[in-house]
Amino acid sequence: MTIHELTIHQLHDLLAKKEVTAREVTEALYNRIRVVEGQVQAYLMLTEEEAYRQADAVDQKIRRGEAIGELEGIPIGLKDILCTEGIQTTCGSKILKGYIPFYDATVIKKLKEKGTIFLGKLNMDEFAMGSSTENSGFQITRNPWDLKCIPGGSSGGSAAAVAADECIAAVGTDTGGSIRQPASCCGVVGLKPTYGRVSRYGLIAFASSLDQVGPITKDVEDCAILLGGISGFDPMDSTSVNIEVPDYKSFLIKNIKGIRIGIPKEYFIEGMDEDVEKSVQGAIDLLSQSGAEIRSISLPHTPYAVAVYYILCTAEASSNLARYDGVKYGFRSNHYDDLLEMYSRTRAEGFGKEVKRRIILGTYVLSAGYYDAYYRKASQVRTLMREDFRKAFEEVEVIVTPTAPTPAFQIGEKVEDPLQMYLSDILTIPVNLAGIPALSLPCGFSRKGLPIGLQIMGKHFDEGTVLRVAYTFEQSTDYHLKKPPIT
Amino acid sequence: MKMDIEKVARLARINLSEEEKKTFGNQLEQILLHMEQLNRLDTSGVEPTSHAIPVVNVFREDEVRSSTPREKILNTSPAQEEGHFKVPRIIE
């Protein structure tokens, strides 16, 4: 087996047994990147010098005979939304071109301390606003399974890079599905942890009450390992929650006998792709045969999710993105006479279409006279949606649904129709509104050979049971072992 | 509901082109129409949720710590002078 195709746990064994060095592993990944990156275009920047320095430090430690941790010497990719000290961080936006943070995000700091190697920064929709990565201010990332298709978004670069073996794993972020939907489109595993599980310090904010950092990996075991590596309370993030981080690997048990799984009827919506419905039904049957108890449940406010989400997230974005004014960071327009013009020209030239659209919408729903009709109303319906989940979780331990209503769509297909693009998030959004954890893993392929994702949602801070169900499903199937046709 | 896009763009400090005003105007109208379905729900007496995991009164110990040096912060700025962010003249 070639090095770049390996998982975190496989590589860790080889490194610990001294069968391969971290430098060799890093070289193998950069070689792979050179071969396929021209087609995929997942990376915005490679950080080779720093990566080899990190690799050599791990190799020295191994040579000294010291034991290494599971993430030590493992080359991963980072979504370009996470601040990296001394390394340009753009958030996919021209307005942050040239911005070099003077500090590391907590997630980056934790991974550095664990000896993880960073290969580079991955493409994304500008400020994580999008479901296709077509809103990147820099380049279009392509789906390794079909280069005419989108990789999903906003963590499209991260999911595509993992699928194309351009990194062993990646870190993404998820505000309304931005980890799970690209994982589904690219046939990899992606987890959005419970809100508060992972620190948001140094994560460039889009919608602060919804944003969460999480792993994108080749299998469920890697997901558990990387989740353990980034989780935990952080005094620098006042919304991070001080609950002990369990050993997530202890939940990797191939046994779900007696586990109650809810299937919400509202998630099997009109317009759902036939292949998706068939694969997900097959997955539910398999879970049932594995001993789980399948129950039909109802989450009655699901049809309102898109409306609630796009009011709240644009409102939060309009406030969060006010800081990009040409004064403190990155880009400033050259065309202005006074301060006000400097602001509005800088923002006109620095932001892309979708970001402008969302800032305008968010400003509108918060403006005098409209606040109650939109923002307050949406916040109230959010309460009703949380209640839906609370009631459902009295009956069941996890909830299983499709991750997205369709497999990856074609590049350009929805770019002129933002409402259609927003509606493609309908099955992932409710999870963020409720703050619960959810994972997507491969559960089949469409007739055209595109991956299909299964979403597993859990109770607040119960990532463990989600991982257990996912692991049991994965170990009974071989979808995760299939590789895209890219060479 | 009809949005006065020029006014909103002014509030948001974004200079929109004529073409953007037109396309955004149409697209946002459609999106707002979709959002109006929320009015079908009776939410009287429902508490709004602003954070899914309620946390209140987050305090830390009042300890003296070093802060980020001013130079480091200014270095990310497109224009600086004598230890300050530099912007066009504000007061005549």
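One numbering rule holds for all chains: residues counted from 1, following each sequence as written. All chains are assigned letters beginning at A, and all ligands numbers beginning at 1, according to the order in which they are written. The model is predicted, so local features are restricted to residues of pLDDT at least 70 and side-chain atom pairs to those at 80 or more, both for listing and for counting; the totals for chains, interfaces and linings are taken over all residues. To get the side-chain values, take all heavy atoms of the structure and skip hydrogens and water.

Asks: Hey, could you go over the overall build of chain A for me, with residue numbers and the actual values?
Replies: Helix and strand labels come from DSSP, where a helix needs a run of H or I of at least four residues and a strand needs a run of E of at least two; each type is numbered from the N terminus. The helix and strand tally for chain A stands at 15 helices and eleven strands. The reference for a compact globule is 2.2 Å times residues^0.38; the radius of gyration itself is calculated from the C-alpha atoms. Taken over the C-alpha trace, chain A has a radius of gyration of 21 Å; the compact-globule value for 487 residues is 23 Å, and the two agree within 12%. By its C-alpha atoms, chain A is 65 × 55 × 45 Å across when sized along the principal axes. Accessibility here uses a 1.4 Å probe with only protein chains present; expressed as a share of the type maximum, an area under 20% marks a residue as buried, one over 50% as exposed, and anything in between as partly exposed. Within chain A, the fraction of its 487 residues that count as buried is 66%.

Asks: Describe helix 10 (residues 339-350) of chain A, naming the residues involved and giving the relevant values.
Replies: Because an α-helix completes one turn every 3.6 residues, residues spaced three or four positions apart along the sequence face the same direction. The span one expects for a helix is its residue count, reduced by one, times 1.5 Å. Helix length check: helix 10 of chain A (twelve residues) gives 16 Å between terminal C-alpha atoms against 16 Å at 1.5 Å per residue, within 8%. In what follows, a contact means two residues having at least one pair of non-hydrogen atoms within 4.5 Å. Here the buried face of helix 10 of chain A lies against helix 11 (353-366) of chain A.

Asks: Could you give an account of the sheet that holds strand 1 (residues 43-46) of chain A, naming the residues involved and the relevant values?
Replies: All names here are of chain A. The eleven strands are arranged 1-3-2-4-6-5-10-11-9-7-8 in an open sheet whose pairing can be described as mixed. Each edge of the sheet is formed by a strand with only one pairing partner; in this case those strands are strand 1 and strand 8 (293-297). Shown here is a sheet whose adjacent strand axes are inclined to one another by a mean of 30°, direction ignored. Being paired, for any two strands, means DSSP has found at least two bridges between them. One ladder, built from seven bridges, connects strand 10 (residues 438-445) with strand 11 (residues 451-458); its direction is antiparallel. Bridge assignment links Phe445 to a residue of strand 11, and that residue is Pro451. Angular values range over 0 to 180 degrees, each being the angle between N-to-C directions of two axes fitted as lines to C-alpha atoms, with helices fitted over their stretch in contact. Against the sheet, helix 3 (residues 48-63) engages strand 1 and strand 3 (117-122), with an angle of about 155° to strand 3. Along the sheet, helix 12 (residues 372-395) contacts strand 7 (260-264), strand 8, strand 9 (398-402) and strand 11; its crossing angle with strand 9, the most-contacted strand, is approximately 115°.

Asks: Explain the side chain of A:His12 to me, and be specific about the residues and the numbers.
Replies: Residues and elements named next belong to chain A. Considering the arrangement of structural elements, one finds His12 in helix 1 (residues 8-16). Residue classification places His12 among the buried positions, given a relative accessible area of 15%. Here a polar contact is recorded for every N or O atom pair within 3.5 Å, except that within protein the pair must consist of a potential hydrogen donor and a potential acceptor, and residues adjacent in sequence are included only if both atoms are side-chain atoms. Polar side-chain contacts of His12 include one of 3.3 Å to the backbone oxygen of Gly69. When sequence neighbours within four positions are dropped, the list of residues in contact with His12 reads Ile68, Gly69, Glu70 and Ile74.

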